[in-house]
Amino acid sequence: MNKVMSNKKVIAMYIAPALFLVLALIYVPIVQTGYFGLMKWNGIGDMEFIGLKNYSHLINDPLFWKSALHSFLLAVFSALSLIGYLFISIILAGKIRGANLLRKIYLIPMLLASVAIAQLWLKIYHPTNGILNTVLISLGVDNPPAWLAESNLALYAIIVPIIWQYAGFYILIYYAALKNIPESLIEAARIDGATPLQIALKIKLPLIMNVIKVTIVLAVVGSLKYFDLIYVMTDGGPNGSSEVMASYMYHKAFKGFDFGYGSAIGFFLLVICLVVTFIISKLTKTKNDTY
Amino acid sequence: MNTVKTTGSQAIVNEKKTNLGTNSLFSRAAYGIMYLFLIIVAIFQIFPIIWLFLFSLKNNQEVFNMSPFALPESPKWENYSKVWTEGNISLYFFNSVTYTVVAVILTVVLASMVTFAITRMNWKGSKIVLGLFMIGLMIPVHSTLIPLFSTFTKLNMIDNPLSVILAYTAFNLPITIMILLGFYEALPREVEEAAVMDGASINYIFFKITLPMTSPVIATAAIINMIYNWNEFVFVNTFISSEKFKTLTVGIQNFIGQYTTDWGAIGATLVISILPILLAFFLLSNRIVEGIASGSVKG
């Protein structure tokens, strides 16, 4: 057994193709991004080494920080929406008939392409014929806003479809975790006279803390790299009011042909994602969570 | 707020017999409120999609002059035949199918080989290699986009389906390995060990024994991969410029641009683009739920 299963040639043959793809298409590019960030480069012609100029430009670029602020706001709202998802999951994981069907219905938006979702919500937010404003007008609102066309509303209007899209995903995760809690633990607490609220806050939440931690990382990092929906719905507009880091990078590189600067933003995005992941897992580090 | 858990028989365990009557009435009301709340959430989740189906079957007169909640007077199926035949939607559709299928097969086979080598074979460095794949989960696509674009340009692979298929495969390998891993670890090794005793080669064991035994988890991994690939946007939008190579997600962008005022056509296009996923969901919802759960939380 050992001899056959330790055959180096076979092991290499089984690992090599996948490892090559991941190294060539993920790891080499992230190193290259950092390197290209040191260049003045339009993507086609020769590169010119300019040291840390792109990075210092980045630090002093108010438009970049505006997009970073928007990404940060998205992250905050996504993290806050987890509370709502958790609340729904706790109800759902109680003795609810049809819970399985309900959580599947909740999941549907998450399975659809962000591009299709974006097109659909463009229609929902349509100033004159969308359902939102039709309802508002019928409720007596005289001049409902044009939502995505208003620079003080666009970003918040985009947050709604994001919450809509990911609700089912997080509810599914929380539901599975809650269902994993041994029934005997809940029963014991109940016999000891704990109220349902106490059971939820003192027993269920601590027991699924590890899962909550993972979802916070997923929600925050996911928001920091959010792109598709915004690119289609507003393309960062109006007037940069919904620009986020990924869309800013995309505009700089593939529309403005400043590939050096775009690479610097891409590298910065990578560093932020890794640092945030690290910080959140440190901050939310819990003691022993085994049960 | 979570009184819902003290319904029915549970309440009996919990409460003294004297106040059982009022309490069960109270918890029944609470249960009703909870249920109503969950159903409202379900409506919020599903209604925009139903509305999309409605306006995909309407003409402009119905869209602009009548209530958006109204049913179409007579379903305008011609919206569908129009977008399918007039534009490139059918072409985009088949490109999406091709890229999705090729990338799913490639990803699942390569990921199975890696998972087999990591869980079944003895070698130093297997932990490190697994770690490399798992860290890949955290890398934002946008941080790789410019170098990938430049490398594919140099290799003459830009505006070539191969660039998209390879990118799909590389970026889906980590999550696919993650989904497979749990199943492989729980899978009994006796059959494989017996085959080794009988002198079978590793390739024989992998392709004829292990791979068939893992077909349930392969189905789960494949459906998750299918959803990701079908919905992917950035790679195609960046690497592909010819109409003939575009997928639905990118193609419908241009297409909808031409039809900005024809809501029926836009609706029909969107429904066509989401239909395969909805069908897969109705047929395989348990696998999808399982795949998303096992691919997301491993701590």
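The name given to chain B in an unreviewed UniProt entry is Sugar ABC transporter permease, and the organism recorded there is Peribacillus loiseleuriae. In UniProt, chain B has this text filed under Sequence similarities (unreviewed entry): "Belongs to the binding-protein-dependent transport system permease family." You can read under Subcellular location (unreviewed entry) in the UniProt record for chain B the words "Cell membrane".

As recorded in an unreviewed UniProt entry, chain A goes by ABC transporter permease and comes from Peribacillus loiseleuriae. Under the heading Sequence similarities (unreviewed entry), UniProt records this for chain A: "Belongs to the binding-protein-dependent transport system permease family." In its Subcellular location (unreviewed entry) section, UniProt records this for chain A: "Cell membrane".

Enquirer: Help me understand the UniProt feature "domain: ABC transmembrane type-1" (unreviewed entry) in chain B, please; the structure alone is not making it clear to me.
Expert: Per the UniProt annotation, the sites labelled "domain: ABC transmembrane type-1" (unreviewed entry) are residues 93-284 of chain B. Secondary structure content for residues 93-284 of chain B is 80% helix and 0% strand, while the C-alpha to C-alpha distance between its ends is 21 Å.

Enquirer: Teacher, can you tell me more about the domain arrangement of chain B here?
Expert: Think of interface size as the accessible area that goes away when the parts come together; that is how it is often given. Each assigned domain of chain B is listed here: domain 1 (1-47) and domain 2 (82-296). For domain 1 of chain B versus domain 2 of chain B, the distance between C-alpha centres works out to 42 Å.

Enquirer: Quick question: what am I supposed to make of the interface of chain B and chain A here?
Expert: The interface is formed by 101 residues belonging to chain B together with 99 residues belonging to chain A. Summed over both partners, the interface of chain B with chain A buries about 9,200 Å², with 77% contributed by carbon and sulfur atoms. Viewed at the interface, chain A and chain B are joined by 20 residue pairs in polar contact (both at pLDDT 80 or more). With 16 residues, the single largest contributor to the side of chain B that touches chain A is helix α2 (residues 20-56) of chain B. Counted by class, the side of chain B that touches chain A contains 71 nonpolar, 27 polar and 3 charged residues.

Enquirer: Please clarify how the nonpolar core should be interpreted in this entry.
Expert: The nonpolar side chains of a soluble globular protein tend to be buried, and buried together. Within the largest apolar cluster, 202 residues are counted, with the highest numbers of intra-cluster contacts made by I15, Y106, Y174 and F254 of chain A together with F116, M121 and I292 of chain B. For this core, the two domains that each supply at least three residues are domain 1 (1-47) and domain 2 (82-296) of chain B. Residues within four places of I15 of chain A in sequence aside, it is in contact with V114, A117, I118, W123 and V129 of chain B.

Enquirer: I would appreciate a short explanation of the UniProt feature "transmembrane region" (unreviewed entry) in chain A in the present structure.
Expert: The UniProt entry lists residues 12-30, 72-93, 105-122, 153-177, 207-227 and 259-280 of chain A under the feature "transmembrane region" (unreviewed entry), expressed in the numbering used here. Spanning residues 207-227 of chain A, this segment combines 81% helix with 0% strand, and its end C-alpha atoms are found 34 Å apart.

Enquirer: Sorry, what's going on with the side chain of T269 of chain B here?
Expert: Residue and element names in this part refer to chain B. Among the secondary structure elements, T269 is positioned in helix α14 (residues 263-296). Within the local environment of T269, its side chain forms a polar contact with the backbone oxygen of A265, the two atoms lying 2.6 Å apart. Not counting residues up to four positions away in its chain, the partners in contact with T269 are V83, I89, I252 and F255.

Enquirer: How do you make sense of the UniProt feature "domain: ABC transmembrane type-1" (unreviewed entry) in chain A when you look at a structure like this?
Expert: In the numbering used here, UniProt assigns the "domain: ABC transmembrane type-1" (unreviewed entry) feature to residues 68-280 of chain A. In residues 68-280 of chain A, helix accounts for 75% and strand for 0%; the two terminal C-alpha atoms are 18 Å from one another.

Thresholds applied
Residues numbered from 1 in each chain as written. Chains lettered and ligands numbered in written order. Predicted model: local features only at pLDDT ≥ 70, side-chain atom pairs only at ≥ 80, totals over all residues. Heavy atoms only, no water. UniProt positions renumbered as here; feature names shortened; annotations may be inferred. Helix = DSSP H or I, 4+ residues; strand = E, 2+ residues; numbered from the N terminus. Domains from an automatic or database assignment. Contact = heavy atoms within 4.5 Å. Buried area = accessible area lost by both parts, 1.4 Å probe. Polar contact = N/O pair within 3.5 Å; in protein donor to acceptor, adjacent residues only side chain to side chain. Nonpolar A, V, L, I, M, F, W, Y, C, P; charged D, E, K, R; others polar. Core = buried A, V, L, I, M, F, W, Y, C linked by side-chain atoms within 4.5 Å. Buried < 20%, exposed > 50% of the residue type's maximum accessible area, 1.4 Å probe, protein only.

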